[in-house]
Amino acid sequence: MSTPAPPPDEVAELRAKVGRLRELADAAERDASRTLFRATRLAQVVKVLGEHTDLERLSTQAVAELAELFGSDITLLLVGKDGALEVRGSWGLRPAHVPKGPVDLTDTLKGDVTTGPVGRVQIPGWLSPYGLAHVVVVRLSVREESLGVLLLGRRAEEPFEAGDARELRAMATRIALAIDNGLLHRRMTEQLEQLRRLYAFTTDLAATLDLGFGEVSKAVVSRVAADSEVGAVSLYVPEGHRLHLAATYGGQGNFCEWLDREELAPGSEISHRAFPLKHGTWDSGALVVERMPKDPSDARSLLAHVTELAGLVVEKALLYDDTRRQALRDPLTGLPNRTLLHQKLATALRAAERAGSELAVIFLDLDRFKVINDSLGHGAGDALLIEVSKRLRDQARKSDTVARLGGDEFVVLCEDLRDPADVLAVAARIQEAVGGRPVLLAGSKVTVTASQGIALTATSGFSTEALLRDADIALYRAKGAGRDRCEVFDEHFRNEAVSRLSMERALREAIEEGRLRALYQPIVSIVDGSINGVEALLRYENDDGELVAPSEFLAVAEESGLVETMSDWILRDACHQAAKWRHNHGLARRAPIVAVNIAAVQASREDFPDTVSAALADAGLPATSLRLEVTEGALMETGSRSVANLEAVRSAGVRVGIDDFGTGYSSLARLKHLPVDFLKIDRSFV
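Owing to the predicted nature of the structure, the values given are computational and were not obtained by experimental measurement.

### With respect to the nonpolar core
Judged by nonpolar contacts, the single largest core of 46 residues is most densely connected at Leu-507, Phe-553, Val-612, Leu-626 and Leu-628. Here this core gets 9 residues from one element, more than from any other, and that element is helix H14 (residues 562–585). One finds Phe-369, Val-412, Ile-430 and Val-448 within the second-largest nonpolar core, a separate group that totals 30 residues.

Here you go:
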């Protein structure tokens, strides 16, 4: 049984349905293929983006892939905030049309996704030449923080579909993560670079730790200028209430010599270019640059760290200089001290020897400075030294060096002498300046004089030690000749000095070997010719067995300090001898006295009364049998301490007298205030 054929209309309708089904199937297959293709390409893009940390390469590849996937004529990737976006990647845009500055898309992007025809969606004017008909704009964000924007545009009247927007939004999340990773990598790279530069800067500055401020300041500005794009660099350090320009590198850079702190206040013309050496304060100084680099935020951070490191080194260098200055300067007068003088003298001698020129030193010592110290106090003595140092500087030439060796000793180094007479002229001006005007000390006008010794390279050679030694020898000669005068060293002076050293050695050996001797000279009454006592006279026995008189050794003994030991010995020996005579010869009833000369240093010693009492007690001699004699000059030189000591021994029964009266500075009116029982007139008056 056959089946009847369907009507033609039904066949046609059926065929039409089958055709439509085939079309739908083909469209579905095409959509599936396109979706699979996009999914595959998107997976590849995501993989590639995940591998990139270079933000520039990431942006370039992302816009190229997106343009191919979505068929866009223009593709832009912008990074930053909505109102200040920067084009990092572009596709289809001519290089001349790429904006150089910040881009504002706040009128283009509404929300996270905006799509539609141009007109309904506003686009920037710089895209107008490209005739875009449809655009889709997607926000790039990570953790709710906006990182940038994707913008795709087509010229053809083919709108972006909803699926395009969904896929692009999903893709935007991946791109945003890659951008975030790239930005993080960039920040880390920049921070590592900053750390590298800081390490290099620190290493370079560490090499300057043993240098003075001058070298350190130059190293700081040159290192900062070499490692940044700031142009010229200057370093300012505090000086009073202002900052002073200490060093500049890279040209003057319009830097002024002085800066007031108000000029560094926020908002001032140079405030954005100035960095404090110590955080938060200008008290330690400042680093000022000529200009800021293209990326001022990163540069400012680096410069702030660098400047604080520099501040530590500069502070250390200033402290080093200050310590060195203190080590080389006399703290009282500010003059070069002995160490610095030796350095300057050694340098000057080398230069003079090479040039064949001559130099000289003046060794100066204040006369009777100890009397001023003892009578008016150390404060007055210090004030005198300060005033004398000023007068010396005023009278010395500009090329001369005035130094204080210690105590009341000064040295003037005179370089580049055209004529030896030049140094004599300097010495004459000094002599007049020191002694010509009184100095007001402790309310009293005091006139002080100075003795000077001069040594020249012509006679002493080019040795530091020899020059100072010979000047000292000449000074000794000036003092011995009556003080307040100047002597120029010659070979005869050196022979005298050698003789003094030989005498000192002989005295020391005599003391150690027990070769001191006492002779006793009778004291005869001019009334009846009777012997009232004896005077002990000190001698020493030389290697030949001869007795040497005080006129030959006393000056050396006083200079070397041996006179104190010798005076103590003669005091003890005289007391023992007087006691022995009293016992052996029955002289107790007449009780003759023994007279002993005492030295100035002995009389001023704190334990002098105890020394006298011990000598009397050890010998068993009554105090009334001892007579002590001190020269007028010694009494005036040692001052109040000697007077108090003599009063103490006098109150114990010892008679005290002034020897060689008339050669010193005492007046008859002053005698009644001194603890003396008798006077011995100097033989020059007899």
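### Things to note about the pairing of strand S12 (residues 401–406)
Buried residues dominate S12, accounting for 5 of its 6 residues. By the bridge criterion, 5 bridges tie S12 to strand S13 (residues 409–417) in an arrangement that is antiparallel. Paired with Val-402 across the bridge in S13 is Val-412.

### Some points on helix H4 (residues 213–226)
Compared with an ideal rise of 1.5 Å per residue, which puts 14 residues at 20 Å, H4 spans 20 Å between its outermost C-alpha atoms and is within 8% of the ideal. Among the residues making up H4, those that are buried are Phe-213, Val-216, Ser-217, Val-220, Val-221, Arg-223, Val-224 and Ala-225.

### Observations regarding the side chain of Arg-139
Residue placement: Arg-139 occurs in strand S4 (residues 134–142). On the basis of relative accessible area, Arg-139 is assigned to the buried category, the value being 18%. At 3.4 Å, the side chain of Arg-139 and the side chain of Ser-146 are in polar contact. If near-sequence neighbours (up to four positions away) are discounted, Arg-139 is found in contact with Asp-82, Leu-109, Gly-111, Asp-112, Ser-146, Gly-148 and Ala-172.

### Focus on the sheet that holds strand S8 (residues 258–259)
Pairing within the open sheet is antiparallel, and its 5 strands lie in the order S8-S7-S6-S10-S9. Whereas interior strands pair on both sides, the edge strands pair on one side only; in this sheet they are S8 and strand S9 (274–278). Taken strand by strand, H4 contacts strand S6 (233–239), strand S7 (242–249) and strand S10 (281–289), and its axis lies near 65° from that of S7.

### Notes on the sheet that holds S13
The pairing of strands in a sheet happens through backbone hydrogen bonds and is either parallel or antiparallel. Taken together, 5 strands build an open sheet; the order of strands is S12-S13-S11-S16-S17 and the sheet is mixed. Every interior strand has two partners, whereas the edge strands, S12 and strand S17 (486–488), have only one. Taken pair by pair, the neighbouring strands of this sheet meet at an average axis angle of 20°, ignoring direction. Inspection of the sheet shows strand S11 (residues 358–366) paired to S13 by 7 bridges, in the antiparallel sense. Bridged to Ile-362 within S13 is Val-412. Sheet strands in contact with helix H6 (residues 338–355) are S11, S12 and S13, and its direction is about 20° off that of S13. Where helix H11 (residues 464–480) meets the sheet, its contacts fall on S11, S13, strand S16 (450–456) and S17, and the angle it forms with S16 comes to roughly 145°.

### Details of the side chain of Thr-75
Examined against the element boundaries, Thr-75 turns out to sit in strand S1 (residues 74–81). Every residue in contact with Thr-75, bar those within four places of it in the chain, is listed here: Val-63, Leu-66, Ala-67, Gly-89, Ser-90, Trp-91, Leu-151 and Leu-152.

### Side note on the packing of helix H7 (residues 369–376) against helix H8 (residues 378–395)
Look at H7 against H8: their axes get within 6 Å of each other, and the N-to-C directions meet at 140°. Considered as vectors, H7 and H8 are oriented oblique to each other. On the side of H7, the interface is formed by Phe-369, Ile-372, Asn-373 and Leu-376, while H8 contributes His-378, Ala-380, Gly-381, Leu-384 and Leu-385. For the contact of H7 with H8, the per-class residue count stands at 6 nonpolar, 3 polar and no charged.

### Thoughts on H6
Since there are 3.6 residues in each turn of an α-helix, residues three or four apart along the chain are aligned in direction. Given a rise of 1.5 Å per residue, 18 residues ought to cover 26 Å, and the 25 Å separating the end C-alpha atoms of H6 matches this to within 8%. The set of residues buried in H6 consists of Leu-340, Leu-341, Leu-345, Ala-348, Leu-349 and Ala-352. Axial view of H6: buried residues confined to an arc of 160°, hence all on one face. Structural note: H6 exposes Glu-353 and Arg-354 on the side pointing more than 90 degrees away from its buried face.

### Regarding the packing of aromatic side chains
Within this structure, the stated rule accounts for 2 aromatic pairs. Note on Tyr-520 and Trp-581: the rings are 5.2 Å apart at their centroids and 75° apart in plane angle, and the pair reads as edge-to-face. Taken together, the residues Tyr-520 in strand S18 (residues 516–524) and Trp-581 in helix H14 connect sequence positions 61 residues apart. A relative accessible area of 26% places Trp-581 in the partly exposed class. A cation over a ring is seen here: Arg-154 above Phe-160, with NZ or CZ 3.9 Å from the ring centre. The ring of Phe-678 carries Arg-627 above its face, with NZ or CZ at 4.3 Å from the centroid.

### Structural notes on the packing of helix H16 (residues 608–619) against helix H18 (residues 640–651)
In contact at an axis separation of 9 Å, H16 and H18 are set at 30° when each is read in the N-to-C sense. Between H16 and H18, the angle is such that the two are roughly parallel. Crossing hand, H16 versus H18: right-handed. Every residue of H18 that contacts H16 at Phe-608, Pro-609 and Val-612 is listed here: Asn-645, Leu-646, Ala-648 and Val-649. Tallied by class, the residues present in the contact of H16 with H18 amount to 6 nonpolar, 1 polar and no charged.

### Brief notes about the pairing of strand S2 (residues 84–91)
The pairing of S1 with S2 spans 7 bridges and is classified as antiparallel. Across the sheet, Gly-80 pairs through a bridge with Leu-85, a residue of S2. Counted along the chain from S1 to the antiparallel partner S2, the turn is 2 residues long.

Conventions used here
- Residues numbered from 1 in each chain as written.
- Predicted model: local features only at pLDDT ≥ 70, side-chain atom pairs only at ≥ 80, totals over all residues.
- Heavy atoms only, no water.
- Core = buried A, V, L, I, M, F, W, Y, C linked by side-chain atoms within 4.5 Å.
- Buried < 20%, exposed > 50% of the residue type's maximum accessible area, 1.4 Å probe, protein only.
- Helix = DSSP H or I, 4+ residues; strand = E, 2+ residues; numbered from the N terminus.
- Pairing = 2+ DSSP bridges.
- Expected span 1.5 Å × (residues − 1).
- Polar contact = N/O pair within 3.5 Å; in protein donor to acceptor, adjacent residues only side chain to side chain.
- Contact = heavy atoms within 4.5 Å.
- Axes fitted to C-alpha atoms, helices over the stretch in contact; angles between N-to-C directions.
- Parallel < 35°, antiparallel > 145°, perpendicular 65-115°, else oblique.
- Nonpolar A, V, L, I, M, F, W, Y, C, P; charged D, E, K, R; others polar.
- Arc of directions from axis to C-beta.
- Phe/Tyr/Trp six-rings, centres within 6.5 Å; stacked < 30°, edge-to-face > 60°.
- Lys NZ or Arg CZ within 6 Å of the ring centre and 35° of its normal.
- Left-handed = near helix turned anticlockwise from the far one by under 90°.

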